[in-house]
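Letter by letter, the chains look like this.
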Amino acid sequence: MRDVWKFASIVALAWSLPCPATAQTVWRERGSLLADEARQAAAAQGEHVYAITNDRVARYDRRSGVRLAVSTGEAQHLNSGFVWQGRLYLAHSNYPHTPELSQLKVLDLETMRLTTFHDFGDFGGSLTWAVRQDGAWWCNFARYEENNSQTFLVRFDDAWRPMGRWTYPVSVLKHLGKRSISGGIFRHGDLVVTDHDHRCLYRLHVPPQGQVLELLAIEPAPFTGQGIAADPKTAGLVGINRAQRRVVFAEPDEQDR
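In this text, all values refer to a predicted model and were calculated from it rather than measured experimentally.

Caption draft 1: Quick peek at the overall build of the protein. When you go through the protein residue by residue, the secondary structure sums to two helices and 20 strands. Sorting the 257 residues of the protein into buried and exposed places 53% on the buried side. Within the protein, residue pairs in contact and separated by at least 24 positions form 50% of the contacts whose partners lie at least 6 positions apart.

Caption draft 2: Broad picture of the sheet that holds strand 12 (residues 152–156). Reading across the sheet, the four strands line up as 10-11-12-13 and stay open at both edges, with antiparallel pairing between neighbours. Whereas interior strands pair on both sides, the edge strands pair on one side only; in this sheet they are strand 10 (126–133) and strand 13 (162–167). With direction set aside, neighbouring strand axes in the sheet form an average angle of 20°. Taken together, the seven bridges between strand 10 and strand 11 (residues 136–142) define a ladder with antiparallel strand orientation.

Caption draft 3: Region of interest: the environment of Ser-80. Mapped onto the fold, Ser-80 is located in strand 6 (residues 77–84). Separated by 38 residues in sequence, Ser-80 and Ala-42 place their C-alpha atoms 7.1 Å apart. Setting aside its immediate chain neighbours within four residues, Ser-80 contacts Ala-41, Ile-52, Tyr-89, Leu-90, Ala-91, Thr-128, Trp-129, Ser-182, Gly-183, Gly-227 and Ile-228.

Caption draft 4: Geometry of the side chain of Asp-197. Positionally, Asp-197 belongs in the loop between strand 15 (190–195) and strand 16 (200–205). At 4.7 Å, Arg-179 is the nearest oppositely charged side chain to Asp-197, a buried residue that forms no salt bridge. There is a polar contact of 2.9 Å between the side chain of Asp-197 and the side chain of His-196.

Caption draft 5: Geometry of the packing of aromatic side chains. A complete count under the given rule lists 19 aromatic pairs for this structure. The interplanar angle of 55° and the centroid separation of 5.9 Å between the aromatic rings of Phe-117 and Trp-137 together place this pair among those described as tilted. Residue Phe-117 is located in strand 9 (residues 114–121), and its partner Trp-137 is located in strand 11; the two are separated by 20 residues in the primary sequence. For Phe-117, a relative accessible area of 33% gives the class partly exposed. Where Trp-138 meets Phe-186, the ring centres are 5.0 Å apart and the plane angle is 65°; that geometry is what we call edge-to-face.

Reading guide: rules and limits
- Each residue is numbered by its place in its chain's sequence as written, counting from 1.
- It should be noted that, the model being predicted, local features are given only for residues of pLDDT at least 70 and side-chain atom pairs only at 80 or more, the latter also being counted only at that level, while totals for whole chains, interfaces and linings use all residues.
- Think of the side-chain values as coming from all heavy atoms in the structure, minus any hydrogens and water.
- A run of H or I in DSSP becomes a helix once it reaches four residues, and a run of E becomes a strand once it reaches two; helices and strands are each numbered from the N terminus.
- Think of it in three bands: with a 1.4 Å probe and only protein chains considered, a residue is buried below 20% of the maximum accessible area for its type, exposed above 50%, and partly exposed in between.
- Any two residues having at least one pair of non-hydrogen atoms within 4.5 Å are treated as being in contact.
- By this definition, two strands are paired if DSSP reports at least two bridges between them.
- Helix axes are fitted only over the stretch in contact, all axes being lines through C-alpha atoms; the angle between N-to-C directions runs from 0 to 180 degrees.
- Charge counting follows a simple rule: Lys and Arg are positive, Asp and Glu are negative, and His as well as the terminal groups are ignored.
- For this document, the term salt bridge refers to a Lys or Arg side-chain nitrogen within 4 Å of an Asp or Glu carboxyl oxygen.
- Two N or O atoms form a polar contact when they lie within 3.5 Å of each other; inside protein one atom must be a possible hydrogen donor and the other a possible acceptor, and for residues adjacent in sequence the pair counts only when both atoms belong to side chains.
- Aromatic rings from Phe, Tyr and Trp, taking only the six-membered ring of Trp, are treated as a pair when their centres fall within 6.5 Å; an angle between ring planes under 30 degrees marks them as stacked, one over 60 as edge-to-face, and anything in between as tilted.

In structure tokens form, the structure reads like this:
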């Protein structure tokens, strides 16, 4: 039994590595709710919170923490979610299988039916997050193990034509181990991403020229890696603590407001 608890502690630690912070902005936990599906990411809209695991999404009441509905529809490896125009868009892949096949899924928030919005096929990586910003889709394709430095971000137009492509700087890659970039959003004009394990946010700048993102800061956060999303109700962020199966709400200190 001691060996079991020792293993569990090691696993929990691996999902909660300290943040190699470089900035004074700190994200504070302002609340949470228990959700068994809080294993990949979370998203929020109004009084509802969405906990995301590999094959389904569950809707919870923000105040009571009661689970209200669970998605239907096929999914294998869902990742980050992004609410846009009343629907929840989710990155999806066949990870860890090869060739790496990716889709952008969409969840109808009224019927909770999950379908495919766009199929990327084999695009050279596993889609881990996608957001809509400045009239374009921004999609992150992760690579893992010895190839994780090849993780890349693509900006697509509405016809899904690539309009730009960037990789991540060494200053971010050196913290990833064998994992990759798990979540991402735009905030105040900056790109904010998470990795798989650390309790921090990487704040990046998309350069007008060049193909490598620029690291601005690394900010401590209460999320243990994985996917994040904007919380329109609090103007903060929502993410997860995977080991504890919790959806976590976070707000920054005054410097980021």
